[in-house]
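Coordinate analysis (summary)
These are the residues of each chain, in order.
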Amino acid sequence: MTKPKIYIAGHTGLVGSSIAKYLRSIDANILTRERKELDLLNQSKVLNFFKKNKIDQVYLAAAKVGGIFANNTYPAEFIYENLMIQTNIIHSSFLSGVKKLLFIGSSCIYPKGAKQPIQEEELFTGKLEPTNEPYAVAKIAGIKMCESYNRQYGKSHDIDYRSIMPTNLYGPHNTYHPENSHVIAALIDRFHKAKIKKLPEVIIWGTGKPKREFLYVDDMTRAATYIMNIDKKIYNKLTSPRCSHINVGFGSDLTIMELAENIKEIVNFRGKISFDPSQPDGTPRKLLDSQILNNFGFKPRISLKEGLKKTYEDYLKS
């Protein structure tokens, strides 16, 4: 039996590289393209690529990502590029006969004031966090695009496009840019540079009080590949046509202050931590309810401390 050809969009990023590593380890038939080889913002090039390569499955991990600063500074790029990338890939998948697709979104799709822990049904129940609203809107559009294609073409074309919403992810192949990275990568970079320069303190945006949940990226990959391959009847039983996404979380959260203390210890920074309350905190709390996923027996294997150590080792290499 011929192995299905699996295209990983965004294979050099945090999520895509983890999925690619896992699929290579089980000898899957994977297909990747560098950005210089395939511009995912170009509709005709994406469609030609799909039609030429006769792809069976797609992991849609490509996205423009960043932390609060990047989302606040470049809202136009965040909404435009994410909408274009996912629209081009999902539509080209359909036109070229791709039967299975997994769209990887983000927990920022949920309202700022969502009930905690956040269930999938909380989508559309309130206003989004303003600092990353454009990115969140794009990710919501990705979910709804998958659902719409399933509803209209699921039976006639035998397609099955699914969505997962992971919590805050971290691990190897993170972006460590001081302004454009997510919180763990940004803090690792800041504490390490402060240690090297022997600075007396590290100043962190906000109050340090918001709570966040973090999942090591290889645990997310285990969940993603599992959800991609479970029987369609089981998937449909646990979701609904208009609420078809599945949360992927760690199961517990901690404050940004506690996270900073953990990273300070792992980096071995000897100075003090200060907070700048004049800068935005973002959503007060964001803990996912991952009960649907937990029902399959899924539990994260990598603790925060172990994951932070692995991530710092990757940072030192890069």
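My aim in this report is to walk through the structure given alongside it, one point at a time. (Residues numbered from 1 in each chain as written. Predicted model: local features only at pLDDT ≥ 70, side-chain atom pairs only at ≥ 80, totals over all residues. Heavy atoms only, no water.)

A closer look at the overall build of the chain
Along the chain, the regular secondary structure elements total 11 helices and 13 strands. Over its C-alpha atoms the chain spans a radius of gyration of 19 Å, differing by no more than 12% from the 20 Å that the globule rule assigns to 318 residues. Taken over the C-alpha atoms alone, the chain extends approximately 65 × 40 × 40 Å along its principal axes. When the 318 residues of the chain are sorted by exposure, 52% land in the buried category. Contacts spanning at least 24 positions in sequence make up 81% of the contacts within the chain whose residues lie at least 6 apart. Approximately 15,300 Å² of the chain is accessible, and the part contributed by carbon and sulfur atoms is 52%. The distance from the centre of the 46 positive side-chain charges to the centre of the 32 negative ones in the chain is 3 Å. (Helix = DSSP H or I, 4+ residues; strand = E, 2+ residues; numbered from the N terminus. Rg over C-alpha atoms; globule rule 2.2 N^0.38 Å. Buried < 20%, exposed > 50% of the residue type's maximum accessible area, 1.4 Å probe, protein only. Contact = heavy atoms within 4.5 Å. Areas by Shrake-Rupley, 256 points an atom, 1.4 Å probe, with all protein chains shown as cover. Lys, Arg positive; Asp, Glu negative; His and termini not counted. Charge placed at Lys NZ, Arg CZ, Asp CG, Glu CD.)

Observations regarding the sheet that holds strand E3 (residues 57-60)
Strand order in this open sheet of 6 strands is E2-E1-E3-E4-E5-E10, and the pairing throughout is parallel. Only two strands of the sheet have a single partner each, and these edge strands are strand E2 (29-31) and strand E10 (245-248). Adjacent strand axes in the sheet meet at a mean angle of 20°, parallel and antiparallel pairs treated alike. Pairing between strand E1 (residues 5-9) and E2: 3 bridges, direction parallel. Bridge pairing in E2 places Lys5 opposite Asn29. The strands touched by helix H5 (residues 133-157) within the sheet are strand E4 (100-104), strand E5 (160-166) and E10, with E5 carrying the most contacts at an inclination of about 155°. (Pairing = 2+ DSSP bridges. Axes fitted to C-alpha atoms, helices over the stretch in contact; angles between N-to-C directions.)

Observations concerning the nonpolar core
Tyr7, Phe50, Ile89 and Tyr161 are the most contacted members of the largest nonpolar core, which totals 39 residues. Going through the elements one at a time, E1, helix H2 (43-53), E3, helix H4 (75-95), E4, H5 and E5 are the ones with two or more residues in this core. Ranked by residue count, the leading element in this core is H5, at 7 residues. Residues contacting Tyr161, with those up to four places away along its chain left out, are Ile90, Ser93, Phe94, Val98, Lys99, Lys100, Leu101, Cys146, Tyr149 and Asn150. Of all hydrophobic cores here, the second largest spans 27 residues; its members include Ile6, Ile19, Leu215 and Tyr235. (Core = buried A, V, L, I, M, F, W, Y, C linked by side-chain atoms within 4.5 Å.)

Re the pattern of salt bridges
For the structure on display, the rule yields 10 salt bridges. For the salt bridge of Lys144 with Glu147, the shortest nitrogen-to-oxygen distance reads 2.8 Å. With a gap of 3 residues between them, Lys144 and Glu147 both fall in helix H5, about one helical turn apart. Among the residues examined, Lys144 registers a relative accessible area of 23% and is labelled partly exposed. Given a relative accessible area of 3%, Glu147 falls into the buried group. Close ionic contact of Arg222 with Asp219 constitutes a salt bridge, the shortest N to O distance being 2.8 Å. With Arg222 and Asp219 both in helix H7 (residues 217-229) and 3 residues apart, this pair spans about one turn of that helix. (Salt bridge = Lys/Arg side-chain N within 4 Å of Asp/Glu carboxyl O.)

What about the packing of H4 against H5?
Where H4 meets H5, the closest approach of the two axes is 8 Å, and the angle between their N-to-C directions is 15°. As judged from the angle between their axes, H4 and H5 are roughly parallel. Read as a crossing pair, H4 and H5 show a hand that is right-handed. For the pair H4 and H5, the contacting residues are Pro75, Phe78, Ile79, Asn82, Leu83, Gln86, Thr87, Ile90, His91 and Phe94 in the first and Pro134, Tyr135, Val137, Ala138, Lys139, Ala141, Gly142, Met145, Cys146, Tyr149, Tyr153 and His157 in the second. Here the residues of the contact of H4 with H5 sort into 15 nonpolar, 6 polar and 1 charged. (Parallel < 35°, antiparallel > 145°, perpendicular 65-115°, else oblique. Left-handed = near helix turned anticlockwise from the far one by under 90°. Nonpolar A, V, L, I, M, F, W, Y, C, P; charged D, E, K, R; others polar.)

Re helix H11 (residues 304-317)
End to end, H11 covers 20 Å across 14 residues, agreeing with the expected 20 Å (1.5 Å per residue, within 8%). Of the surrounding elements, those touching the buried residues of H11 are strand E6 (168-170), helix H6 (183-196), strand E9 (214-216), strand E11 (254-255) and helix H9 (256-267). (Expected span 1.5 Å × (residues − 1).)

Regarding the packing of helix H1 (residues 14-25) against H7
For the pair H1 and H7, the least separation of the axes is 9 Å and the interaxial angle reads 65°. The two elements H1 and H7 cross, and the hand of that crossing is right-handed. Packed against H1, whose contacting residues are Leu14, Val15, Ser18, Ile19, Lys21, Tyr22 and Leu23, the element H7 presents Val217, Asp218, Met220, Thr221 and Thr225 at the interface. Class assignment for the residues of the contact of H1 with H7 results in 7 nonpolar, 3 polar and 2 charged.

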